Each structure stands twice: as structure tokens, then as C-alpha cells.
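An overview of the molecular structure
If you want the building blocks of each chain, they are given just below.
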Amino acid sequence: MTRYAARRIAQAVVVLWAAFTLTFVVLYLLPSDPVSIQLGAAGIETDSLTPQQLTAAKAEYGLDRPIPDQYLTALTGALHGNFGTSIAKHMPVTQLIGDRLGGTLLLSVLAGTLAVVVGTVVAYLAAFVRFRPLRTVLDRIPALGVAIPSFLVALLLIQVFAFDLGWVPSSGSTGWRSQVLPVVTMALPSSAQLAQVLTHSFDETLGEQYIVTARAKGLSRSAVQLRHAFRNALLPALTILGLLVGTTVTSAIVVETVFSRNGIGRLAQEAVLAKDIPVVLGIVVIAATGFVLVNLVVDLLYPLLDPRITHATKAEVS
């Protein structure tokens, strides 16, 4: 167990380092520079500045130094939990992220919970319902949910439930009613993917020999489904659930932009447009940390669901 945990932690560190480094490189490969973007936003043409003034503006954020030095400084700061100062907003990055993290976390938890409930119910009904026309409909719903883009779902929900019916607001972050449409928008694609995997897993599990044996022993259909098939079918779904955490920031960017919410997703979108390197790096590290932690928890849960899987076995495989 100790060796397995140590290997998983080492892999998590490598993932975090790779995400940080790749983001840094991509941002510096972009043609524009953050100082020019900020000066343009302020109505100042870079051509009107002397080389000394432009150099001084870049030196304020350390952008006049060689790129390797900037990378090492940013990496050292990140290791100490200090991502520097936002170039666009002139505030500490940790403060910016801290102010917006709570709203996005709440949105993600609610959306994740709804996705698990909806995905599990749809998959369970699709696998165990006996009425074939209903089974066919339930089989097609997940594919439709995966195919529809999130922004289109958001616009449709706004049109119907905000503009036509007036049940919930179309934007903002105040009150529980403002959470409804963003949560549903984020939950639908995740629940559809989860339902697809679960349905396939249910079908495979029901064909296993131990299911046939359980039925031969006289167990009721519901007992076989809940006590044997359901538990073992959850294993592939856990893996997908862990991977879906990695898409949370991407979903939040779309949802928070469409619904005008002040969260991490919208902050990431603003930071990328402004090439605000410290903010983007901070958000990437936090998102990657959440991703590796959730996947570590998923790996630790596997033996609880299937005693045939041990941490020693998983360590040997990896």
C-alpha cells in the first residue's frame, strides 16, 4: 500500500509539473505580449512609447528577463503557493483565485452530483427495463447528450426557462435560482458520458458467470441487479468520473461566460485573452491538482468495490 501510494504521488507531481510547463511554453509561444495588450486596453499605442518606457513597463512584471529565468521564478513561486501578481488586474493571483474559487466549486459539486444521479438512473433503466421501446429511447438519450455542445444547451435553457417561462434568471451569481441553469448545463454532458459507460458496463456484467449462478440460486431479479450487477458495473464508471473532473474548468469557462458568472472559468477566459500568464498558471495548477487528487481517490476506491483488485496488483500493472 505504501509503495503504491508513493508511486501515485510521484506520478501526480509529474502531471502537475508537466501541466505547469506546457502552459508556460504555450503562453510564451503566442505572438502578442501581455504588456502590449494592457497598454492597448488603456488606449496607449506601443509605438508612442520610447524603448526605455516599454522596457520599464515589462520590467515591472519581470518580463524583460530571459525566458528560462522567468520560468524558474514562476515554478519556484508556484512550489511555495505564490503565483505572483496579475498583469491585467494588478492583484495577487492567489487573492483573485480565492475570491472566485468558491462559486465555481459549488457549481462543480452540484453539477457533479446531478450528473451522477441522472447518469446512474438512465443507465440503470436502460439496462434493466423490459419494455423494448423505452429501452431503445434510453439507449439513445446519452448519445444525444454527448453530441450537443454545452453552449448550445445553455442558450436553449436560457431561451426556454429564463425568457419564455421566466422561472429563473438568465445571468448573475446571486441566489440559488441563478445556480439552476448553469448546474444543468454542466451536468448534462457529464451525465450522458457516464450513462453511456454504465449502460455498456451493465450489459457486460449481466452476462458474467456469477450473475448466472446468482440467478440459479433463486435470487430475485432486483437482488441480482442491486447486490451483484450494480456494484461491479460501477468500476469503469469510476474511471470516467475521475476523468470528467479534468473537464470541469473547460465546462466552467463556457458556462460562466454564457451566464455572466464571476468564477474561475470566466477568470481563466479573461486571463487567456489578456495573456495574463501568472493567473493562467495559477488556475492550471489548481485544476490539475484537483484532477490528480480525484483520480487518486478513485484508485483507492477500486479495491472496496472489487476485492479481487488490490493496490499491490495495480502497482505492478502501472
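Shown above is the structure to which this text applies.
Residues numbered from 1 in each chain as written. Predicted model: local features only at pLDDT ≥ 70, side-chain atom pairs only at ≥ 80, totals over all residues. Heavy atoms only, no water.

**So, the side chain of E256**
Stated formally: By the criteria applied, helices consist of DSSP H or I runs no shorter than four residues and strands consist of E runs no shorter than two, each listed in order from the N terminus. Each residue is assigned to one of three classes by its accessible area relative to the maximum for its type, calculated with a 1.4 Å probe on protein chains only: buried under 20%, partly exposed between the two thresholds, exposed over 50%. We treat Lys and Arg as the positive residues and Asp and Glu as the negative residues; His and chain ends play no part in the count. Here, a salt bridge means any side-chain nitrogen of Lys or Arg that lies within 4 Å of a carboxyl oxygen of Asp or Glu. The definition of a polar contact used here is a pair of N or O atoms within 3.5 Å, where within protein one atom must be able to donate a hydrogen and the other to accept one, and adjacent residues in sequence count solely through side-chain atom pairs. Two residues qualify as a contact provided that any one of their heavy atoms is within 4.5 Å of a heavy atom in the partner residue.
The topology assignment puts E256 in helix α11 (residues 248–258). One buried charged residue, E256, remains without a salt bridge, the closest side chain of opposite sign being R261 at 5.2 Å. Here R266 takes part through its backbone nitrogen, which lies 2.9 Å from a polar atom of the side chain of E256. Contact partners of E256, with chain neighbours within four places excluded, come to T104, L107, R261, G263, I264, G265 and R266.

**Brief notes about unusual backbone geometry**
Backbone geometry at H90 places phi at a positive 55°, although glycine is not the residue there. As for its position among the elements, H90 is in the loop between α4 (67–79) and α5 (93–128). Phi angles above zero are rare outside glycine, and S260 is one such case at about 55°. With respect to the element layout, S260 can be found in the loop between α11 and α12 (264–273). In this structure S260 comes out as partly exposed when scored by relative accessible area, which is 34%.

**Quick notes on the packing of aromatic side chains**
Threshold: Aromatic rings from Phe, Tyr and Trp, with only the six-membered ring used for Trp, were paired whenever their centres fell within 6.5 Å, and each pair was classed as stacked if the ring planes differed by under 30 degrees, edge-to-face if by over 60, and tilted otherwise.
What the rule picks out here adds up to four aromatic pairs. Relative to Y28, the ring of F24 lies with its centre 4.5 Å away and its plane at 35°, an arrangement referred to as tilted. Here Y28 and F24 lie together in helix α1 (residues 2–29), a separation of four residues that amounts to about one turn. Owing to a relative accessible area of 4%, F24 belongs among the buried residues under this scheme. Assessed through its relative accessible area of 21%, Y28 is described here as partly exposed. Measuring from centroid to centroid gives 5.8 Å for F161 and W167, while their planes differ by 45°, and the two rings are tilted. A relative accessible area of 28% means that F161 is categorised as partly exposed.

**Focus on the packing of α5 against helix α8 (residues 177–206)**
Operational definition: Axis geometry follows a simple rule: fit a line to the C-alpha atoms, using only the stretch in contact for helices, then measure angles between N-to-C directions, giving values from 0 to 180 degrees. Should the near helix be turned anticlockwise from the far one by less than a right angle, the crossing is termed left-handed; should it be turned clockwise, right-handed. Under the scheme applied here, ten amino acids are nonpolar (Ala, Val, Leu, Ile, Met, Phe, Trp, Tyr, Cys and Pro), four are charged (Asp, Glu, Lys and Arg), and all others, including Gly, are polar.
Interaxial distance between α5 and α8 falls to 6 Å at its minimum, and their mutual angle equals 35°. Regarding α5 and α8, the two cross each other, and that crossing is right-handed. Counted by class, the contact of α5 with α8 contains 24 nonpolar, seven polar and one charged residues.

**Looking at the packing of helix α7 (residues 150–164) against α8**
The test is simple: Here is the rule for angles: anything less than 35 degrees is roughly parallel, anything more than 145 is roughly antiparallel, 65 through 115 is roughly perpendicular, and the remaining ranges are oblique.
Interaxial distance between α7 and α8 falls to 9 Å at its minimum, and their mutual angle equals 140°. On the basis of their axis angle, the class for α7 and α8 is oblique. As α7 runs across α8, the sense of the crossing is right-handed. Contact residues: α7 offers S150, V153, A154, L157, I158, F161 and A162, while α8 offers L181, V184, T185, L188 and P189. Across the contact of α7 with α8, the residue classes tally to 10 nonpolar, two polar and no charged.

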